[in-house]
Amino acid sequence: MTVMGKTITQKIIENHLVSGRFAPGEEIAVRIDQTLTQDATGTMAYLQLEAMKIDRVKTELSVSYIDHNTIQIGFENADDHRYLQSVARRYGIYFSRAGNGICHQVHLERFGKPGKTLLGSDSHTSTAGALGMLAMGAGGLDVALAMAGEPFYFDCPRVIRINLTGGLPSWVSAKDIILRILEIFTTKGNVGYVFEYGGDGLSTLSVPERATIANMGAECGVTTSVFPSDEMTRRFLRAEGREKDWSEIKPDLDVVYERTIEINLSELVPMMAKPHSPDNVSPVRTAGEILVNQVCIGSCTNSSYKDLVTIAKILRGRHVHEGVSLVITPGSRQVLENLASNGYLADLLGAGARLTESSCGFCIGASHSPESGGVSVRTSNRNFPGRSGTEDAEVYLASPETAAAAAVTGKLIDPRNMPLPYPGTEMPERFQVNDDMIIEPEADMASAKIIRGPNIGQPPENDPLPADISGEVAIKVGDKITTDHIMPAGARMKYRSNIPKYAEFVFEALDKKFYKRAIKTRKAGRHNIIVAGLSYGQGSSREHAAVCPMYLGVKAVLAKSFERIHAANLINFGILPLIFKDEKAYDGIDQGDQLAIHGIRKIIEENRAIIVQNTMKGINFEVTCNLSRRQRDILLAGGALNLVKKKADHA
Ligand code: MIC
Ligand code: SF4
């Protein structure tokens, strides 16, 4: 029998396998070495961790970051921060204080290690794949379970090799590579895949550039993206003073991938994602005459030292166009301190940039929303409608080079037309490192008091799955509905720890009357059902997109397909993710229709076919739900927390 070589993905998975085998499509469980949370998903995650009644976290390393809600209008976010700091102290978790930077950038700099597994309650946790980690985004409850020592369950992925050859031309950078990949793969249809990068083109890509690419794999909906750990990785870790954390990871020579895509870097050109999806990609040169009102540089995608030095060099001695507001957000305090020490901050400020704290800020509409109908060019990763905080803004995603060119000229132009030689930037041999904003776990944890302000609620309880589902189609939506559509972030994000309040905004972006309708049905003792098209739940990992609908009595979502993290979140909170067996059934349903699934509890127990009755139209149709025994138990219990609590009570 010939033994086939292994991909990096398979090697890391097999080194961490707790149950199952490396067989694509089958559910497996892996041990999680590291976890990360951020404040917007962290409060729920830690409230759930508290319910698990453990003494301390069981991972090698867990970090709690404050980076999303740092504007702090009102007391709510500050209360969240204080709660999170006290929980970190109680359970032995590193705490990265507000202002220290965006979780993914800081994790790359200070904590990530090749060959390890990382689970984070943020969809862009995949960024750490740039270090040769298996880094995956998940809902807060799954991350809490990992902290409690439980393995992480997911479908064993299929691995696609993305072979990068050649070298990038001047003015073309990592963002253009991933935008090209988004053009090829789009944002849907990639569930269950991992992108594994290789090829001689890698020798020119530093870790922060790889991070930009691994970060936006999340937009394709893949499980994660993985780079080898090579000399470039070693150089980055050495520059961070962490060379001891380096180890080599590469695929075997005779490995066979599910599919291989070739990208010749030397043929790439500056790219942009036009409104309103990261896969609406074209070369920037095709933009036509687009006047730009705002340029935002930063977010976890492109806020590294290398990115911002390149910007500083482009802006040096120039001025931001009078029609443009230029916002720059360094990804971490480390980036900011290094820019300051090396004189680049002066270039940015001198040109008229508005410098912000190192946080998510503009990326999630938590600050710097553009003007009405404004055009904003951003180096971030998502341009979903309304995400910037301005409903009718036109957001373009582009590289730092294209963004800088727009800032100076006031137009969306191909940066190759800039009248200066490309000021490419080398990575420094050594970064100035300062960990003073990270609080390390202490020895005397048990006595630490957890502090809860009035904004900290409890995760809502859910009943076990009822015998029958009988209710109303509360909303019918189309394809590619993102979690930003389901559960708005931005100004609403301050209610993340207060589910009854946050639930008032479910589907706010699509239908402002949804909440009233849904709560009325729930109060009448009936169930709510959501009907959706392809790729439901794209984007973020926020479990609130499941928790708040659960609170409103949603028992099932009927869709043509689901995205990975959202489907897992629905199950975790006791909502059935049901897929139309024949997509035509979708066409026959309208909002307000009465649907019934008789005997659903028994059906799930016995794993039988599910028939939905449209009692208003007299039509029956079949839906499928490919569930493991573990997932069926979670659904029957009314969510994972109910199961966990039962286990904790019997311990
Ligand atoms: C995002 O980029 O949409 C977020 C905000 O970081 C989310 C997490 C959240 O909603 O808190 C994500 O990507 O998972
Ligand atoms: Fe923060 Fe934006 Fe990155 Fe999400 S995508 S973690 S909001 S910077």
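Conventions adopted
Residues numbered from 1 in each chain as written. Chains lettered and ligands numbered in written order. Predicted model: local features only at pLDDT ≥ 70, side-chain atom pairs only at ≥ 80, totals over all residues. Heavy atoms only, no water. Near = heavy atom within 4 Å. 1 Å grid on protein atoms, 1.4 Å probe; cavity = no way out; pocket = protein on both sides within 12 Å on 5 of 7 lines; lining within 4 Å. Sits in = over half its atoms within 2 Å of the grid points. Helix = DSSP H or I, 4+ residues; strand = E, 2+ residues; numbered from the N terminus. Expected span 1.5 Å × (residues − 1). Buried < 20%, exposed > 50% of the residue type's maximum accessible area, 1.4 Å probe, protein only. Pairing = 2+ DSSP bridges. Contact = heavy atoms within 4.5 Å. Axes fitted to C-alpha atoms, helices over the stretch in contact; angles between N-to-C directions. Core = buried A, V, L, I, M, F, W, Y, C linked by side-chain atoms within 4.5 Å. Polar contact = N/O pair within 3.5 Å; in protein donor to acceptor, adjacent residues only side chain to side chain. Areas by Shrake-Rupley, 256 points an atom, 1.4 Å probe, with all protein chains shown as cover.

I keep staring at the site of ligand 2 and nothing clicks. Help me out?
Around ligand 2 lies a shell formed by His 68, His 104, Asp 122, His 124, Ser 299, Cys 300, Cys 360, Cys 363, Ile 364, Asn 381 and Arg 387. Mapping ligand 2 onto the cavity grids shows that it belongs to the largest cavity.

Help me understand helix 7 (residues 207-220) in this model?
Residues separated by three or four positions in an α-helix point in the same direction, a consequence of the helix having 3.6 residues per turn. Between its terminal C-alpha atoms helix 7 stretches 20 Å, which fits the 20 Å expected from 14 residues at 1.5 Å a residue. Extensive coverage of helix 7 is indicated by the burial of 14 of its 14 residues. Just downstream of helix 7 lies Gly 221, where phi reads positive at about 85°.

What is the right way to look at the sheet that holds strand 17 (residues 354-355) in this model?
Spatial strand order, 14-13-19-18-15-16-17: seven strands in an open sheet with mixed pairing. Looking at strand neighbours, the two that pair on one side only are strand 14 (281-283) and strand 17, the edges of this open sheet. Bridge count between strand 15 (residues 294-297) and strand 18 (residues 375-378): three bridges; the pairing is parallel. Bridge pairing links Cys 296 to Arg 378 in strand 18. Helix 12 (residues 400-409) contacts strand 15, strand 16 (325-328), strand 18 and strand 19 (394-398) of the sheet and is inclined by roughly 145° relative to strand 15.

Hey, could you run me through the nonpolar core in this one?
The nonpolar side chains of a soluble globular protein tend to be buried with one another. Residues Leu 49, Phe 507, Tyr 536 and Leu 558 are the most contacted members of the largest nonpolar core, which totals 108 residues. When residues of this core are assigned to their parent elements, the largest contribution, six residues, is made by helix 5 (residues 140-147). Excluding residues within four positions of it along the chain, Phe 507 makes contact with Ile 475, Val 477, Ile 481, His 485, Ile 486, Lys 512, Phe 514, Ile 530 and Tyr 536. Membership of the second largest hydrophobic core comes to 63 residues, among which are Ala 128, Ile 297, Ala 398 and Ile 438.

Can you walk me through the site of ligand 1 in this structure?
Around ligand 1, the structure places 14 residues, and the nearest of them are Asp 122, Ser 123, Arg 496, Ser 541 and Arg 542. Residue His 68 places a side-chain N or O atom 2.8 Å away from an oxygen atom belonging to ligand 1. In this structure, an oxygen atom belonging to ligand 1 sits 3.0 Å away from a side-chain N or O atom of Arg 382. In the complex, the protein chains occlude 97% of the 330 Å² of accessible area that ligand 1 would expose alone. Counting atoms within 2 Å of the grid points, the majority share of ligand 1 lands in the largest cavity.

So what exactly am I meant to see when it comes to the sheet that holds strand 9 (residues 158-165) here?
Where strands meet in a sheet, backbone hydrogen bonds hold them as pairs that are either parallel or antiparallel. The strand order across the open sheet built from four strands is 11-10-9-12, with neighbouring strands paired in parallel fashion. At either end of the open sheet lies a strand with only one pairing partner, and these are strand 11 (224-226) and strand 12 (259-264). With direction set aside, neighbouring strand axes in the sheet form an average angle of 25°. Summarising the sheet, strand 10 (residues 193-198) and strand 11 pair through three bridges and their orientation is parallel. Across the sheet, Phe 195 pairs through a bridge with Ser 225, a residue of strand 11. Against the sheet, helix 1 (residues 8-16) engages strand 9, strand 10 and strand 11, with an angle of about 120° to strand 10.

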